[in-house]
2 protein chains.
Amino acid sequence: MIDIEEIGLKAKNASVELQKVSTKKKNAALLAMATALEKNTARIIVENSLDMKDAGDNGVAPAMLDRLKLTEERIRAMADGLRNVAQLSDPIGEVIRGWVNEDELQISQIRVPLGVIGMIFEARPNVTVDASGLTFKSGNAVILRGGKEAIRSNIVLADVLREALEENKLPVDAIQMIDDPSHEGVNQMMHLNQYIDVLIPRGGAKFIQMVVQNSTVPVIETGAGNCHVYVDELADLKKALPIIINAKTQRPSVCNAMEKLVVHSAVAKELLPQLKEALEPFNVDLRGDEATKAILPDIKLATEEDWGTEYNDYIMAIKIVDSVDEAIAHINKYNTKHSEAIITEDYTASQKFTNEIDAAVVYVNASTRFTDGFKFGFGAEIGISTQKLHARGPMGLNELTSTKYVIRGNGQIRES
Amino acid sequence: MIDIEEIGLKAKNASVELQKVSTKKKNAALLAMATALEKNTARIIVENSLDMKDAGDNGVAPAMLDRLKLTEERIRAMADGLRNVAQLSDPIGEVIRGWVNEDELQISQIRVPLGVIGMIFEARPNVTVDASGLTFKSGNAVILRGGKEAIRSNIVLADVLREALEENKLPVDAIQMIDDPSHEGVNQMMHLNQYIDVLIPRGGAKFIQMVVQNSTVPVIETGAGNCHVYVDELADLKKALPIIINAKTQRPSVCNAMEKLVVHSAVAKELLPQLKEALEPFNVDLRGDEATKAILPDIKLATEEDWGTEYNDYIMAIKIVDSVDEAIAHINKYNTKHSEAIITEDYTASQKFTNEIDAAVVYVNASTRFTDGFKFGFGAEIGISTQKLHARGPMGLNELTSTKYVIRGNGQIRES
């Protein structure tokens, strides 16, 4: 049984201390955390192997086992991630805008930490390190709660980071890991409004929806990506084919991978057979509507459920439409507001698509796989927001901040 | 019994249409709404007088009755508010930032509407018009749910606005008023995640907390203001006295009014007797800690409850401290993160206060009463956010928007 109130209070107090820590000290601590991870490689691998053994005994799937596994190389990659975060510019203190109002008050809007961030995540233990690095650099305390399969790995990783904080005389409770693997910890975090400023769940779509539906703490929805590529009537098929193949097959398990192809009827007959052939080496399970099946008779008929499903796998469903408007309507009906692309040489169609598609990121003639904080040039990423409040799209350090207005006067009072 | 799903769907559809409406058309519609309000003055006053009669019969307090009452002058003021919103620049379409990444993708972050905004408010029917104007201008559909005392007034106001939308061939469901005065409507809105992008409650602190604690739709917390003025050891008392009097008495019922005075012990003996005398014409009920009572023996002893209470009335509690650190700790413990002021001529104290106070707005040598979208120069205000996510401080048109990334490429695919 965890005392969530105490964890919350400790995090809150640590966040107050953290706000006063200089960028220089924060960066030194991040480098110390990186070194500590590498020095403690053996200790981390011992704990991780216990998690791996339990997971194996419990029949966890091989793909999941691979995500759970920590090696010397993976630990070094986590450490390098922290070193990278140390090099990013500190968002805290940035003056976002400033002006003098009619009353001659000097108004500045300044970037400040959010305070306490709750991260609830599944499987991969590297989230412990990545999230700690980003929340720490942006001046926030973090309360982490990982999946039960990785509990020993998560605890040892958090312990190593906390030890580095302590050695650097910084508040250790800036990083806390909930060590209770039961669901109760998640439940308690979702209602700790007094101490947690925002909750960021990372994991499958069902898990994230559970958090959204039950949390009274503000949530940033991340991740679910039922992404579409629409090949327009005036598409350059020499661009379309590589983009579809890349978006579908380069890494199908991630949220910015393409799940659905929408094709204008004028190019379907030319495109689809070439596409089918090009996808054969990847063993992609193709499904399509009736019109698609008229061109590719061997594939499965797509069901209503297909259109709304994020496969995260080598599966793709195809729909044929007669206009860009029909494509937009279909995509806006079924997408998860993540990333959508149009392939076209038609200027007006490209404008219509970018204006009317409701998604975090809308592409013209590029792969949806670029929706990523690193590819955007943010230097880091804590997730991809698919909601409209606070942050939308890849979230870097700036998205982990709030603002405060500082107003300097000389005795002004309000007359009316 | 209302069909909230149908209301939500209508709002969603209207919001999709609204995104395509030009600034010119939106402004013309706002001017038409203003004219319609004035033309329908008699009709509005008839409905309002029925609300007033019921409220009087039900023993509603005179202050509340005054807030409920609509007159020709007040209707004209609402119309002028809409004309003012028509003159503000349209936030939609603004390119907030843009760059070219390493893959030569042209990335733009563009301001877009949030979608559907839910407003739940108490008493004053002018919120119907003010909120409709701001949400409409920023391209959002709004679902309104006012207090039951003002139900007829709210319905007729929304009807008049909707008629103006219809005459301008714009989607009438951009503005919808829930006409069921039961609490069920509020309950349903708090769980309409499928259609409502954000809920903004306006009203008393208890009401807002009820919404925060129960809503699964994202909420922007507004309004609660337990604001402090701290008079430092090196304050110029010629600035301090007018600021305290202004912050406390100019309009004590509003959220940016001062509720608590914190005074450095070095100046308390000089300041407090002068202050007591200056506040006498306003009949302010003064309360204080033991140290304050040693100087002003006639006043009441403040209780622990006082420190956390927003009076919204001619009441003020006084605490004496021995340092700026003690003042900051007291304020951060009891404030509602709204507006806090320091009065000082000491540069270092001013820096410490602005850096360490956790609030939406922190002042040096000015009245807390300036926390207001109009005074900030935003030209409008839908409320004052006291939370850290999405928006903090006065919310104008920009705070009613989200963003979308538009990325233009020439066939880029992701290599790694």
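- Within an unreviewed UniProt entry, the label attached to chain A reads Gamma-glutamyl phosphate reductase, and the organism entered is Pediococcus stilesii.
- In UniProt, chain A has this text filed under Catalytic activity (unreviewed entry): "L-glutamate 5-semialdehyde + phosphate + NADP(+) = L-glutamyl 5-phosphate + NADPH + H(+)".
- In its Sequence similarities (unreviewed entry) section, UniProt records this for chain A: "Belongs to the gamma-glutamyl phosphate reductase family."

## Observations concerning the environment of K137 of chain B
Residue and element names in this part refer to chain B.
Here comes step 1: For K137, the position within the fold is in helix α6 (residues 126–137).
Here comes step 2: By relative accessible area, which is 0% here, K137 ends up buried.
Here comes step 3: In this structure the C-alpha to C-alpha distance between K137 and L30, which are 107 residues apart in sequence, comes to 7.9 Å.
Here comes step 4: In contact with K137, other than residues within four places in its own chain, are K26, N27, L30, V85, A86, Q87, L88, S89, D90, P91 and L397.

## Brief notes about the interface of chain A and chain B
Here comes step 1: Across the contact, 69 residues belong to chain A and 69 residues belong to chain B.
Here comes step 2: Summed over both partners, the interface of chain A with chain B buries about 5800 Å², with 50% contributed by carbon and sulfur atoms.
Here comes step 3: Put simply, chain A and chain B have six salt bridges between them.
Here comes step 4: A salt bridge links R414 of chain A to D372 of chain B, with the shortest nitrogen-to-oxygen separation between them at 3.1 Å.
Here comes step 5: Counting the contacts that link chain A with chain B gives 43 residue pairs in polar contact (both at pLDDT 80 or more).
Here comes step 6: When residues in the side of chain A that touches chain B are grouped by element, the largest group, eleven residues, is from strand β16 (residues 401–412) of chain A.
Here comes step 7: With five bridges connecting them, strand β13 (residues 361–366) of chain A and strand β16 (residues 401–412) of chain B associate as parallel partners. Paired with V364 of chain A across the two strands is R408 of chain B, which belongs to β16 of chain B.

## As for helix α7 (residues 151–167) of chain A
Residue and element names in this part refer to chain A.
Here comes step 1: Taking 1.5 Å of rise per residue, 17 residues should cover 24 Å, and α7 covers 24 Å from first to last C-alpha, within 8% of that figure.
Here comes step 2: For α7, the set of buried residues is I151, S153, N154, V156, L157, A158, V160, L161, A164 and L165.
Here comes step 3: Where α7 is buried, its residues touch α2 (23–39), α3 (41–57), α5 (72–87), β3 (116–121), α6 (126–137) and β5 (175–177).
Here comes step 4: Positive phi shows up at K169, right after α7, with a value of about 55°.

## Some details on the relation of the copies chain A and chain B
Here comes step 1: Overlaying chain A with chain B gives an RMSD of 0.0 Å, the required rotation being 180° about an axis along which the chain moves by 0.0 Å. Expressed as a symmetry operation, the mapping of one chain copy onto the other fits a two-fold axis. Looking at the rotation axis and the C-alpha trace of chain A, the residue lying nearest is H390 of chain A, at 1.8 Å.
Here comes step 2: Comparing contact sets, 100% of the residues at the interface of chain A also lie at the interface in chain B, consistent with an isologous, same-surface contact.

## Examining the packing of aromatic side chains
Here comes step 1: Taken as a whole, this structure holds twelve aromatic pairs over all chains when the rule is applied.
Here comes step 2: Both rings, one in F378 of chain A and one in W99 of chain B, keep their centres 6.0 Å apart while their planes meet at 45°; by these two values the pair is tilted. Of this pair, F378 of chain A sits in the loop between α16 (373–376) and β14 (383–385) while W99 of chain B is found in strand β1 (residues 95–100), placing the two residues in two different chains.
Here comes step 3: Take F378 of chain A: its relative accessible area is 16%, and that puts it in the buried class.
Here comes step 4: For the ring pair Y230 of chain B and F353 of chain B, a centre distance of 6.2 Å and an interplane angle of 15° mean the geometry is stacked. Residue Y230 of chain B is found in strand β7 (residues 227–231), and its partner F353 of chain B is found in helix α15 (residues 347–356); the two are separated by 123 residues along the sequence. F353 of chain B matches Y230 of chain B in its accessibility class, with the two residues each being buried.
Here comes step 5: An aromatic cluster is defined as three or more aromatic residues linked by ring pairs; in this entry it consists of W99 and Y405 of chain A together with F376 and F378 of chain B.
Here comes step 6: Here the basic side chain of K260 of chain A rests over the ring of Y311 of chain A, its NZ or CZ set 4.8 Å away from the ring centre.
Here comes step 7: If you follow K319 of chain B out to its NZ or CZ, it ends over the ring of W307 of chain B, 5.8 Å from the centre.

## Describing the pairing of β7 of chain B
All names here are of chain B.
Here comes step 1: Counted residue by residue, β7 has five buried out of five residues, so it is predominantly covered.
Here comes step 2: Going residue by residue along β7, you find C227, V229 and V231 tucked away on one face and H228 and Y230 tucked away on the opposite face as well.
Here comes step 3: Strand direction decides the pairing type here: β7 and strand β8 (residues 258–264), joined by five bridges, are parallel. Of the residues in β8, the one forming a bridge with V231 is V263.
Here comes step 4: Following the backbone out of β7, through helix α10 (residues 237–249) and into the adjacent parallel β8, one traces a crossover that is right-handed.
Here comes step 5: Looking at chain direction, β7 and strand β12 (residues 339–343) are connected through four bridges and run parallel. Looking at the pairing, H228 lines up with E340 of β12.

The rules behind each value
Residues numbered from 1 in each chain as written. Chains lettered and ligands numbered in written order. Predicted model: local features only at pLDDT ≥ 70, side-chain atom pairs only at ≥ 80, totals over all residues. Heavy atoms only, no water. UniProt positions renumbered as here; feature names shortened; annotations may be inferred. Helix = DSSP H or I, 4+ residues; strand = E, 2+ residues; numbered from the N terminus. Buried < 20%, exposed > 50% of the residue type's maximum accessible area, 1.4 Å probe, protein only. Contact = heavy atoms within 4.5 Å. Buried area = accessible area lost by both parts, 1.4 Å probe. Salt bridge = Lys/Arg side-chain N within 4 Å of Asp/Glu carboxyl O. Polar contact = N/O pair within 3.5 Å; in protein donor to acceptor, adjacent residues only side chain to side chain. Pairing = 2+ DSSP bridges. Expected span 1.5 Å × (residues − 1). Least-squares fit on C-alpha atoms with pLDDT ≥ 70 in both. Phe/Tyr/Trp six-rings, centres within 6.5 Å; stacked < 30°, edge-to-face > 60°. Lys NZ or Arg CZ within 6 Å of the ring centre and 35° of its normal. Right-handed = clockwise from strand over helix to strand, strands pointing away.

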